[in-house]
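Structural overview
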Amino acid sequence: MTDSDLARQVRDVSRLTGEFVLRSGRTATEYFDKYQFESDPVLLDRLAEQMAVLIPEGTEVLAGLEMGGIAVVTALGRHAKLPCAFVRKQAKAYGTARLAEGAEVAGRRVLVVEDVVTSGGQVVLSTMDLRKLGAHVDHALCVIDRQEGGAEALSAEGIQLRALLTRADLEAAA
């Protein structure tokens, strides 16, 4: 499967049109329903296989962000043979009361994994939390970069965004 075939498949299964309020509060007329490609085991596996080559050298832990990044990081971990952490938006108040479940992040080079990046807001917040836990984070990896300022916002926080697909890739696949 070529990159354009993969982009076309993601676009066909996940692109919705209408009026959608994004996490950032902005309204968009196009939405990528990430759960459509995350819930398809064959497509998710293909995405993870392609994403594995984008993992920066020296990465020790893959950290998937709640909720969509969890499916992606789990599939990616299989291909990369790296341990995974599952990062909550806030630590739970019961049980382990941890913000990051799974692999230990303290003192390790951690790659933040997200499904779709628009403004980059959640990646920035979660990276700050991971850094407070002692993680070394300077990269993030996503399936789709909507190219709406997320990469720039992350760069301002010392995080380089790598994306398997961009909005431009998905538009070109139409």
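Please refer to the structure higher up on the page.
Residues numbered from 1 in each chain as written. Predicted model: local features only at pLDDT ≥ 70, side-chain atom pairs only at ≥ 80, totals over all residues. Heavy atoms only, no water.

1. Description of the pairing of strand β6 (residues 109-117)
Buried residues dominate β6, accounting for eight of its nine residues. As paired strands, strand β3 (residues 61-65) and β6 are joined by four bridges and run parallel to one another. Within β6, the residue paired with Val 61 across the bridge is Val 110. Strand direction decides the pairing type here: β6 and strand β7 (residues 136-145), joined by eight bridges, are parallel. Across the sheet, Glu 114 pairs through a bridge with Cys 142, a residue of β7. Each parallel crossover has a hand, and the one from β6 via helix α5 (residues 121-132) to β7 is right-handed. (Buried < 20%, exposed > 50% of the residue type's maximum accessible area, 1.4 Å probe, protein only. Helix = DSSP H or I, 4+ residues; strand = E, 2+ residues; numbered from the N terminus. Pairing = 2+ DSSP bridges. Right-handed = clockwise from strand over helix to strand, strands pointing away.)

2. Describing the side chain of Glu 38
Secondary-structure assignment places Glu 38 in helix α2 (residues 34-38). Although Glu 38 is buried, it makes no salt bridge; Lys 34 carries the closest opposite charge, 6.5 Å away. (Lys, Arg positive; Asp, Glu negative; His and termini not counted. Salt bridge = Lys/Arg side-chain N within 4 Å of Asp/Glu carboxyl O.)

3. Considering the pattern of salt bridges
What the rule picks out here adds up to twelve salt bridges. Here Lys 34 and Asp 115 are joined by a salt bridge, their closest N and O atoms 4.0 Å apart. Residue Lys 34 is located in helix α2, and its partner Asp 115 is located in strand β6; the two are separated by 81 residues in the primary sequence. When sorted by exposure, Lys 34 lands in the same class as Asp 115, which is buried. For Glu 101, the salt bridge is made with Arg 88, and the minimal N-O distance between the two is 3.6 Å. Of this pair, Glu 101 sits in strand β5 (residues 100-102) while Arg 88 sits in the loop between β4 (84-87) and β5, and the two are 13 residues apart along the sequence. Classification of Glu 101 as buried rests on a relative accessible area of 16%. Judged by its relative accessible area of 24%, Arg 88 falls in the partly exposed class.

4. Concerning the pairing of strand β2 (residues 27-32)
Across five bridges, the pairing between strand β1 (residues 15-21) and β2 is antiparallel. Within β2, the residue paired with Arg 15 across the bridge is Phe 32. The antiparallel pairing of β1 with β2 creates a hairpin that spans five residues between the two strands, and Gly 25 there sits at a positive phi of about 95°.

5. Some thoughts on the nonpolar core
Val 10, Leu 47, Leu 62, Leu 76 and Ile 144 are the most contacted members of the largest nonpolar core, which totals 28 residues. Put simply, the parts of the chain that give this core at least two residues each are α1 (3-14), α3 (41-52), α4 (68-80), β6, β7 and β8 (160-166). Considering every element that reaches this core, the biggest residue donor is α3, with five residues. Residue contacts for Val 10: discarding those within four places in its chain leaves Arg 15, Phe 37, Leu 43, Leu 47, Ile 144, Leu 165 and Leu 170. (Core = buried A, V, L, I, M, F, W, Y, C linked by side-chain atoms within 4.5 Å. Contact = heavy atoms within 4.5 Å.)

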